[in-house]
Amino acid sequence: MSLLPRIQVSLSAGLLLDRARAEDDARWPAAVARERQETRRTYAARCAVAMAQQVAEWAGPPGAGDEMAARWRTDP
């Protein structure tokens with residue numbers, strides 16, 4: 001089994017991905033812009049959920065999670 005083909009692919013993967021992204025930008029600019037915007041929204045949502053989970057873990061005593069959820073509902 002030769003590792004050369006795998007090494008060649010790994011060395012060129014980044015360049016090929018950048019080239020494919022540039023082609024997508026040129027062909028479908030509206031779709032690319034929409035996908036980037038969606039990515040930003042989902043990233044922000046994931047960050048908010050992660051922060052809420054950390055706060056809930058820090059809260060400690062039983063029932064604190066319920067209090068946190070109630071606060072979140074009134075002021076996300």
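Residues numbered from 1 in each chain as written. Predicted model: local features only at pLDDT ≥ 70, side-chain atom pairs only at ≥ 80, totals over all residues. Heavy atoms only, no water.

1. Considering the overall build of the protein
At step 1: On a plain count of helices and strands, the protein comes out with three helices and zero strands.
At step 2: Tracing the protein from N to C terminus, the helices and strands come up as α-α-α.
At step 3: Counting only residues that meet the buried cut, the protein has 3% of its 76 residues in that class.
At step 4: Surface exposure of the protein reaches about 6700 Å², of which carbon and sulfur atoms provide 61%. (Helix = DSSP H or I, 4+ residues; strand = E, 2+ residues; numbered from the N terminus. Buried < 20%, exposed > 50% of the residue type's maximum accessible area, 1.4 Å probe, protein only. Areas by Shrake-Rupley, 256 points an atom, 1.4 Å probe, with all protein chains shown as cover.)

2. Details of the pattern of salt bridges
At step 1: In the structure shown here, the tally under the stated rule is two salt bridges.
At step 2: Residues D25 and R36 are paired through a salt bridge, measuring 3.2 Å at the closest nitrogen-oxygen approach. With D25 in helix 1 (residues 4–27) and R36 in helix 2 (residues 29–59), this residue pair connects regions lying eleven residues apart in the sequence.
At step 3: Here R41 ties to E38 by a salt bridge, and the two come within 2.5 Å at their closest N and O atoms. Residue R41 and its partner E38 are both found in helix 2; the two are separated by three residues, about one turn of the helix. (Salt bridge = Lys/Arg side-chain N within 4 Å of Asp/Glu carboxyl O.)

3. Describing a nonpolar patch on the surface
At step 1: On the surface, M1, L3, I7 and L11 cluster together into a nonpolar patch covering about 520 Å² of accessible area.
At step 2: With respect to the helices and strands, L3 occurs in the segment before helix 1.
At step 3: Taking relative accessible area as the criterion, L3 reaches 52% and is therefore assigned exposed. (Patch = residues over 30% accessible without salt bridge, like charges linked within 9 Å, V, L, I, M, F, W, Y side chains within 5 Å.)

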